[in-house]
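What follows is each chain in one-letter form.
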Amino acid sequence: MPSMQPYEALSPLAKPLTRTIAPASALAGLEGKKIGFMWTIYTNGDLLADALMDLLGKRFANVESVKLPAGKGQRWGEYPDRSIEDVIKESAVDAVVVTVGG
Amino acid sequence: MSRAVVWAEKAGIPAVGVVCKGFVPSALMIARAEGLPGMRFVEYLPPNIATESYEAIYEKSKPLLDDIVRTLTAPAPAATPSAIRAGAEVGKTVVTGSLEQVNDFFRKSQWTDGLPIVPPTREAVAEMLKFTERRPDEVVAVLPPENSEATVLSVAANGVMAGCRPEYLPVLIAAVEAIGDARFGLQHAGSTAGWTPFIILNGPIIKELAFNSGQGVLRPQRQANITVARFLRLAMMNLAGYRLGSSDMATFGLNYIPVLAEAEDESPYEPLSVDRGFERGTSVITILSALSMSYQFPSTGKTAQDQLRVIAREAKRELGSFVRIMTIFGPEVSPVLCLSPLVANILAEAGYTKDDIRRYIFDHARITACEFDENLALLWPGYTIRQAVEQGKLAPSFCATHDPARLLPLLHEPRQLLVVVSGSSAKNRNFIINQAGDQGLAVSREIRLPAKWGELLMNKGSR
C-alpha cells in the first residue's frame, strides 16, 4: 500500500510531570541502627523480609529490625500508601528495606 | 514497591527495594515517575519468589543482605533516563514522511499496538479538536504509572491514531477522565494478571455516534465500538506509559474488547448509568478491568427461575476463583453480568428487578468454605477464610460456622454485581466479566458535549 502523500505526524505522548525529590543520605554503617522492613504485597515477600531480618540480626548484634506497615492503617503486606512518610517518622527508623513477592 | 521506596526517601530515610529480576525497568520507571530518578534497589534472582520455599528464599537472601548493606551505605545511584521520550514533546512534529514511514517510526518508537495507525497530523488533530470546547493544552488527567499529564491535544492525537472519527472526542476525553480517577487504580494495569479495560456506554451518545448495542456488539466491526476501545489501549501506552516488558508486565495479557453499548431501547430495566447515579438520558462511560470474559452461555428453561438457576451456575463457575480478588483486592469489586435483551425481558416479565437478579446470584452462586480456602491458599500457603476475617478482609459472616461444607458468596454484597443488557434480541445468551477489584474498579464519567453538538454532528454528517 505505497503512499506518496507526506504526513507530518505529531507526538502522541503526554507530558511527564517534572518533580524530583532529593535522595536521602547514605548511612555511614548499620551498627546501632534501627532498620524498618516493609512487605508491600504479593506472595512470599513476607518470607523474604523474615529471612533478611533474621540474617541482619545474626550479622549485626546491635541492629534493631522492625516490621512496618506500608502506610497508616495499612496491614503488613498491603499496597503502599503515601502515609508511609508518617509511619517512618513515627517509627524513628534509620533505613527501610522494601520487599515484594511474586 | 517502588512507591514505598520513594516515599521513604522523601521522608529523608535511605530505602532500598528488593526487585525481582525482570521487573527492574518497571520499578525504575515508577520511581522516576514518582520523582526519584535514581532508586536504590537490589535484584532478587529467578526463579519467581512466589514459587520458592522459605529455605530457598533464605539461602538467596544471604548474598542479598550484602547488597542491601552496600546499597544503604552508598550514595543513591545516578538517574536512569527515559529512553522513550527523547525529542517527543507534546504537540511537536516527530516525523514527516509517507504513511509507511510514519507507521514505521511510530512502531519502532513503541507508540502503536502493532496495527497500522492513522498519522496524527496537525490537521487531523485540529479537526477532532472542533468537537470540544476545552483548550488543547488543558490537562484531562494525570495518568500513572508515568504520572504524565494527558492533555486534550494528546487525547485527540491518540484518537486519530486509533481511527476514531473526530466526533468521538468527547467519549475519549471522558474515558481518560475515568481511568485517571484514583478509584480506578490505573497504576495496577501493568500487573502480571494482564487485565484489559472493559468499556460500557450509556445514553443518547450511543445512537448519535452509531455505536452497535445489538447483535455482535463485541465483534470488531462497527467503527465506534472498536476504535474507542483501541484508543484506550493506545492511551494506556502513550499517555499513561504502559509498555510491554518495562511497565506492562502482563504474563499473557488480553487484547482490547470493543465497547459494550447498552441496548437501552430493548432493555426492560433502567440502564447501568442510572444504577451508577446518573439521570436517565445522560451519556455516560463506565470503565472497569476485565480479567476474563466467560463464554456466551445460553440460559434455558421455561421459567425465569430456570433462567436464573443457569445464570447463577455460570456465575459460580466464572467467579469461583474470584474469591482471591474479593479478599485481597477488595472490598469493592465490580464484576459484570451482561444479559441479552431476550433474557432480561423474560426476567422482567416474571417480576424480577435488577436488585432481585443481583440478590439471586448472591444467594445461589456460592462455593463451599473448603473450596474458598483452597483458593485463598493460592495467595499464600495456609491462608484461610478465618485469617481473612481476622484481618477485616472478609465479613465475620464468612466464619459464622466451622462447617467446611457451608456455602459462601462470591461477592461481599449483591450490589457489587453490575447488570447490563446488550447484544442480540433474538438469543437467550449472557456472559460474565470477571473483574480485578481495586485494580480497575468500575468508574463512570458523564460524557460532556460541546454546546453546538447537534450542529457539529449535522455538519459532519453523523446524523
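Reading the values: the criteria
- Residues numbered from 1 in each chain as written.
- Chains lettered and ligands numbered in written order.
- Predicted model: local features only at pLDDT ≥ 70, side-chain atom pairs only at ≥ 80, totals over all residues.
- Helix = DSSP H or I, 4+ residues; strand = E, 2+ residues; numbered from the N terminus.
- Rg over C-alpha atoms; globule rule 2.2 N^0.38 Å.
- Contact = placed C-beta atoms within 7 Å.
- Domains from an automatic or database assignment.
- Core = buried A, V, L, I, M, F, W, Y, C linked by C-beta atoms within 7 Å.
- Buried ≥ 20, exposed ≤ 12 C-beta atoms within 10 Å, placed from the backbone.
- Pairing = 2+ DSSP bridges.
- Axes fitted to C-alpha atoms, helices over the stretch in contact; angles between N-to-C directions.
- Nonpolar A, V, L, I, M, F, W, Y, C, P; charged D, E, K, R; others polar.
- Parallel < 35°, antiparallel > 145°, perpendicular 65-115°, else oblique.
- Left-handed = near helix turned anticlockwise from the far one by under 90°.

**A few points about the overall build of chain A**
Right, on to step 1. Helix and strand content of chain A: two helices and five strands.
Right, on to step 2. Element order for chain A, N to C, with α for helix and β for strand: β-β-β-α-β-α-β.
Right, on to step 3. Relative to its length of 102 residues, chain A is extended, with a C-alpha radius of gyration of 21 Å against a globular reference of 13 Å.
Right, on to step 4. Each principal axis of the C-alpha distribution contributes one length, and for chain A these read about 75 × 30 × 30 Å.
Right, on to step 5. Counted over contacts in chain A with a minimum sequence separation of 6, partners at least 24 positions apart contribute 65%.

**Looking at the domain arrangement of chain B**
Interfaces are frequently sized by the accessible area removed from exposure as the parts join.
Right, on to step 1. Domain boundaries assigned for chain B yield domain 1 (2-72), domain 2 (94-291 + 441-463) and domain 3 (292-435).
Right, on to step 2. Centre-to-centre separation of domain 1 of chain B and domain 3 of chain B, based on C-alpha positions: 38 Å.

**Comments concerning the nonpolar core**
Right, on to step 1. One finds Leu172, Ala175, Val176, Ile199 and Val228 of chain B to be the most contacted residues of the largest nonpolar core, which totals 130 residues.
Right, on to step 2. Taken domain by domain, this core gets at least three of its residues from each of domain 2 (94-291 + 441-463) and domain 3 (292-435) of chain B.
Right, on to step 3. In contact with Val228 of chain B, other than residues within four places in its own chain, are Cys164, Tyr168, Val171, Leu172, Ile199 and Val259 of chain B.
Right, on to step 4. With 52 residues, the next largest nonpolar core counts Ala70 and Val93 of chain A together with Cys20 and Ala31 of chain B among its residues.

**Concerning the sheet that holds strand β16 (residues 443-446) of chain B**
Residue and element names in this part refer to chain B.
Right, on to step 1. The strand order β7-β6-β8-β16 describes an open sheet built from four strands, whose pairing is mixed. Edge positions in the sheet fall to β7 (260-261) and β16, since each has one partner strand and no second.
Right, on to step 2. Sheet analysis places strand β6 (residues 196-202) next to β7, joined by two bridges and oriented parallel. The partner of Leu201 across the bridge, within β7, is Ala261.
Right, on to step 3. Against the sheet, helix α7 (residues 169-180) touches β6, β8 (284-290) and β16, its axis set at about 50° to β8.

**Remarks on the sheet that holds strand β2 (residues 15-16) of chain A**
Right, on to step 1. Strand order in the open sheet made by the three strands is β2(A)-β5(B)-β4(B), with antiparallel pairing throughout. On the outer flanks of this sheet lie β2 of chain A together with β4 (139-143) of chain B, each paired with one strand and no other.
Right, on to step 2. Relative to strand β5 (residues 148-151) of chain B, β2 of chain A runs antiparallel, the two sharing two bridges. The partner of Pro16 of chain A across the bridge, within β5 of chain B, is Ser148 of chain B.
Right, on to step 3. Those strands touched by helix α6 (residues 152-162) of chain B are β4 and β5 of chain B, and its axis lies near 75° from that of β5 of chain B.

**Considering the interface of chain A and chain B**
Right, on to step 1. Residue-level contacts link 56 residues of chain A with 78 residues of chain B.
Right, on to step 2. Counting only elements with at least two residues in the side of chain A that touches chain B, the list comes to β1 (7-10), β2, α1 (45-59), α2 (84-91) and β5 (95-99) of chain A.
Right, on to step 3. A total of seven residues in the side of chain A that touches chain B trace back to one element, the largest contributor, which is α1 of chain A.
Right, on to step 4. Grouping the amino acids of the side of chain A that touches chain B by side-chain chemistry returns 35 nonpolar, 12 polar and nine charged.
Right, on to step 5. With four bridges joining them, β1 of chain A and strand β3 (residues 93-97) of chain B adopt antiparallel strand pairing. The partner of Leu10 of chain A across the bridge, within β3 of chain B, is Thr93 of chain B.

**Digging into the packing of α1 of chain A against helix α3 (residues 54-72) of chain B**
Packed helices, taken two at a time, are described by their axes: the angle between them and the distance between them.
Right, on to step 1. Running from amino to carboxyl end, α1 of chain A crosses α3 of chain B at an angle of 50°, the nearest separation of the two axes being 9 Å. In terms of axis orientation, α1 of chain A runs oblique to α3 of chain B. Classified by chirality, the crossing of α3 of chain B by α1 of chain A is right-handed. Contacts from Leu47, Leu48, Ala51, Leu52, Leu55, Leu56 and Arg59 of chain A of α1 of chain A reach α3 of chain B at Tyr54, Ile57, Tyr58, Ser61, Lys62, Leu64 and Leu65 of chain B.
Right, on to step 2. Classifying every residue of the contact of α1 of chain A with α3 of chain B gives 11 nonpolar, one polar and two charged.

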